[in-house]
Amino acid sequence: MAQVSLRKIVKMYEGDVQAVKGIDLEIEDHEFVVLVGPSGCGKSTTLRMIAGLEEISSGDIAIGGTVVNDIPPRDRDIAMVFQNYALYPHMSVFDNMAFGLTLRKFPKAEIKRRVDEAARILDITPLLDRKPKALSGGQRQRVAMGRAIVRDPKVFLFDEPLSNLDAKLRVQMRTEIKKVHQTVRTTTVYVTHDQVEAMTLADRVVVMNQGLIEQVGPPQELYHHPATRFVAGFIGSPAMNFLPARVENGAVHLPGGAVLPIPEARRARYAGAPGMDLLFGIRPEHLTDHRPGLPNRADITITPEVIEPMGMETLAHFHLGEARDCCARLEPTVLAEPNVPIVLSADMNNMHLLDAKSGRVL
Amino acid sequence: MSADTLSVDTRLAPQPGTGSLRRFTRRRSTIAFLMTLPLLLVIVCLVAYPAAYGVYLSTLNRTMERSIGLGNFEILFDTDTFWNVVWQSCIFAITAVIAKALIGFWLAHMLHHIPTKGQRKWRGMLLVPWVIPPALSTLGWWWMYDPSYSSINYLISIVGAPPVPWLGEPIWARAAIIIVNVWVGAPFFMIMYLAALKSVPEQLYEAAAIDGATGFQRLRYVTVPMMANIISITVLFSLIVTFANYDIVRVLTNGGPRDLTHVFASYAFQVGILSGNIPRGAAVSLFMLPILAVCAFFVLRGVTRRNKEQM
Ligand SMILES: Nc1ncnc2c1ncn2[C@@H]1O[C@H](COP(=O)(O)OP(=O)(O)O)[C@@H](O)[C@H]1O
Ligand SMILES: [Mg+2]
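Scoring rules and cut-offs
Residue numbers run consecutively from 1 along every chain, following the written order of its sequence. Just so you know, chain letters begin at A and ligand numbers begin at 1, following the order they were written in. Only residues with pLDDT of at least 70 are given local features in this predicted model, and only at 80 or more are side-chain atom pairs given and counted; all residues enter the totals for whole chains, interfaces and linings. Excluding hydrogens and water, the side-chain values take into account all heavy atoms of the structure. The near set for a molecule or strand comprises every residue that places at least one heavy atom within 4 Å of it. Counting of polar contacts relies on pairs of N or O atoms within 3.5 Å, with two restrictions inside protein: one atom must be capable of donating a hydrogen and the other of accepting it, and residues adjacent in sequence are counted only when both atoms are side-chain atoms. In this description, accessible areas are obtained by the Shrake-Rupley approach with a 1.4 Å probe, and a residue is regarded as covered only by the protein chains that are shown. A helix here means a DSSP run of H or I that spans at least four residues, while a strand means a run of E at least two residues long, and both kinds are numbered starting from the N terminus. In this classification, the charged set is Asp, Glu, Lys and Arg, the nonpolar set is Ala, Val, Leu, Ile, Met, Phe, Trp, Tyr, Cys and Pro, and all remaining amino acids, among them Gly, are polar. Delimitation of the domains relies on an automatic or database domain assignment. Contacts: residue pairs with any heavy atoms within 4.5 Å of one another. Buried area adds together the accessible area that both of two parts lose upon being put together, with accessible area traced by a 1.4 Å probe. The salt bridge definition used is simple: a Lys or Arg side-chain nitrogen within 4 Å of an Asp or Glu carboxyl oxygen.

**Quick notes on the site of ligand 1**
Residue and element names in this part refer to chain A.
Piece 1. In the vicinity of ligand 1, the contacting residues are Tyr13, Ala19, Ser39, Gly40, Cys41, Gly42, Lys43, Ser44 and Thr45.
Piece 2. Contact between ligand 1 and Tyr13: a nitrogen atom at 3.4 Å from a side-chain N or O atom of the residue.
Piece 3. Within the complex, the protein chains bury 59% of what would otherwise be the 560 Å² of accessible surface of ligand 1.
Piece 4. In terms of residue count, the dominant contributor to the shell around ligand 1 is helix α1 (residues 43-51) (three residues).
Piece 5. Within the shell around ligand 1, the residues separate by chemical class into three nonpolar, five polar and one charged.

Quick look at the structure:
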């Protein structure tokens with residue numbers, strides 16, 4: 001088990017494609033870190049550089065204190081789970097899991113002990129004699145994880161391991177992965193484009209965008225204190241609403257004339273805001289139906305275009321001035337109808353103000 | 001598929017009356033049969049009939065007037081030349097196929113690791129020996145093998161070694177035949193293996209590299225097992241073709257010296273056509289059949305088994 005350090009990592013592909021543009025990241029021992037970001041932002045490239053499958057153009061990667069830039073994958077003592085599992089089709093499940101140990105000349109009895117143990121943890125003992133072809137997607141996923149676990153490596157690397165599973169199985173395997181990590185405690189770097197996966201699994205989430213790290217932090221921190229517009233919009237579903245705004249006299253002025261007073265506690269923070277071009281950011285869950293009497297609430301009247309009853313809540317989609325695709329989450333008991341104006345209540349304790357130009361959260 | 005057609009049959013069969021002919025022609029099994037008919041005809045005309053005729057021929061006497069049962073085989077089994085041909089054919093085919101497979105594998109690997117653009121050029125050039133008609137290219141080799149005036153011995157003389165009587169000594173003549181056969185046949189292996197190499201998912205190599213495999217171990221535990229089917233089918237196919245090889249022996253040595261380099265096909269030609277004993281020539285060719293049938297049985301069984309398990 002070990003820490004992983006990335007120092008000023010850059011990756012240039014042939015043809016001057018700069019996939020990773022200088023990343024610094026310290027991953028602690030036993031930590032579960034998730035790299036999340038839209039497709040093409042350089043997550044896989046970063047992970048593959050840690051694995052040694054991709055050369056590092058500049059910078060250093062250290063695993064357990066040793067710089068591994070020039071060490072081939074087989075000597076880095078890492079294990080990786082691929083999106084399409086990459087099981088050896090000609091080997092049985094047992095042999096697939098035992099392969100790494102066999103190559104490292106472990107005694108037969110030890111191999112058997114470890115494979116049986118991993119199979120028990122993953123609940124695949126009855127499958128050990130089968131070939132991968134005879135397994136379902138979820139079972140293959142478990143075997144791929146088993147192959148990583150038996151090695152007892154310094155670091156686990158996962159590259160979108162759940163993307164090929166259907167929605168239900170994905171949720172199930174997500175829990176499974178978390179359980180396994182709580183059991184074996186191996187340092188883990190996990191890549192996904194799914195922010196829900198990132199939030200649920202990670203000790204710390206690394207949000208990446210266009211080859212750079214936008215923000216690093218525990219899931220709750222990213223949710224409550226996003227540093228940039230990108231993170232604010234990426235974390236959370238449905239995504240945060242952004243409305244063009246001005247600040248005057250301690251209140252946020254929205255297009256359409258709504259005036260939302262800023263809570264006392266936040267006044268100092270937004271002292272520099274008046275006169276700036278701003279975006280008012282508020283998550284759908286903080287934009288709910290009218291509830292008189294709650295502190296630090298402000299009312300906005302909107303006209304929903306589409307109402308989506310979800311059962312436990314109802315989503316109302318609307319637009320306000322220039323801002324399209326806004327969303328609010330209502331109690332299911334609220335009788336909202338499309339094209340009938342409704343008064344919403346914004347939870348101003350959870351509002352954000354962003355600099356419209358730089359995208360920085362104030 | 002067969003279960004499917006079966007169910008269609010049972011549904012349609014118990015409906016006699018008007019339009020039953022039309023219904024008959026519309027059945028899936030009927031259409032399937034009609035569409036395979038041309039192929040069946042070709043197989044019957046070009047494979048089944050000649051094979052059966054060959055069997056029939058081999059039971060006749062020299063003048064083809066009466067049947068002598070297995071007499072031709074009995075006579076053959078008593079001659080040393082025939083057993084010599086059996087040995088020579090087996091050694092020739094097995095050595096040549098192994099050499100072709102190894103060289104083809106090596107070439108395929110080299111090609112696989114050069115970038116696509118240069119790869120096409122090299123692939124084209126390396127295929128040349130395979131696309132020239134072998135009778136012509138063998139003639140070229142025949143010149144090169146000439147003991148006193150030609151290139152191979154000249155090169156050997158540069159090294160300082162004595163000239164080699166390529167086609168004069170049985171041992172060298174056998175080697176010469178194998179070399180030409182390998183030269184002609186290796187590109188076929190190369191192109192098959194190249195296709196197979198390209199179909200091995202890159203991620204398997206990456207997984208193996210992370211699992212701790214060295215380059216050689218990746219070859220041994222990933223590449224070769226993943227290519228096993230292509231390898232065995234190509235070997236089987238080549239074994240059949242090489243066993244039945246005729247032109248190279250005919251052009252290079254014509255079976256000599258002292259009938260020691262004959263293979264089945266050239267010997268069958270000599271006995272059947274040149275010496276005019278067609279039934280005995282047929283018997284010689286037929287002797288290949290059981291040998292190849294046994295090979296084919298094991299190879300195809302392996303292929304089926306692997307297909308069932310892996311694909
Ligand atoms: N082998 C490659 N050659 C050239 N460009 C590549 C290669 N692999 C990835 N890229 C580019 O690098 C960028 C990052 O890719 P990747 O790390 O796979 O993104 P992600 O995993 O976040 O979706 C993309 O723009 C992609 O097109
Ligand atoms: Mg990726």
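Next comes the rest of the account.
**Considering the domain arrangement of chain A**
Residues and elements named next belong to chain A.
Piece 1. Under the domain assignment used here, chain A contains domain 1 (4-233) and domain 2 (238-355).
Piece 2. Between domain 1 and domain 2, the C-alpha centre-to-centre distance is 39 Å.
Piece 3. At the interface, eight residues of domain 1 touch 10 residues of domain 2.
Piece 4. Together domain 1 and domain 2 conceal approximately 720 Å² of surface at their shared face, both sides included; 55% is due to carbon and sulfur atoms.
Piece 5. Interface area lost by domain 1 to domain 2 is led by Tyr223, Arg229 and Ala232, which between them contribute 67%.
Piece 6. In this structure, the connection of domain 1 to domain 2 is made through zero salt bridges.
Piece 7. Taken together, domain 1 and domain 2 are joined by two residue pairs in polar contact (both at pLDDT 80 or more).
Piece 8. Secondary structure elements with two or more residues in the side of domain 1 that touches domain 2: α7 (219-224) and α8 (229-234).
Piece 9. Of the residues that constitute the side of domain 1 that touches domain 2, the class distribution is four nonpolar, three polar and one charged.

**Section: the pattern of salt bridges**
Piece 1. Considering all chains together, one arrives at 13 salt bridges over all chains under this definition.
Piece 2. With its nearest N and O atoms 3.5 Å apart, the salt bridge here joins Arg267 of chain A to Glu264 of chain A.
Piece 3. One network of salt bridges, with partners in common, ties together Arg48 and Glu54 of chain A together with Glu206 of chain B.

**Side note on the interface of chain B and chain A**
Piece 1. The interface is formed by 21 residues belonging to chain B together with 24 residues belonging to chain A.
Piece 2. When the buried surface of chain B facing chain A is broken down by residue, Gln203, Ile210 and Asp211 of chain B rank first, second and third, together holding 34% of it.
Piece 3. Taken together, the connections running from chain B to chain A amount to two salt bridges.
Piece 4. We note a salt bridge from Glu206 of chain B to Arg48 of chain A, for which the minimum N-O separation is 2.6 Å.
Piece 5. The interface formed by chain B and chain A contains 10 residue pairs in polar contact (both at pLDDT 80 or more).
Piece 6. Those elements giving two or more residues to the side of chain B that touches chain A turn out to be α10 (202-211), α11 (215-243) and α15 (288-310) of chain B.
Piece 7. Looking at which element gives the most residues to the side of chain B that touches chain A, the answer is α10 of chain B, with eight residues.

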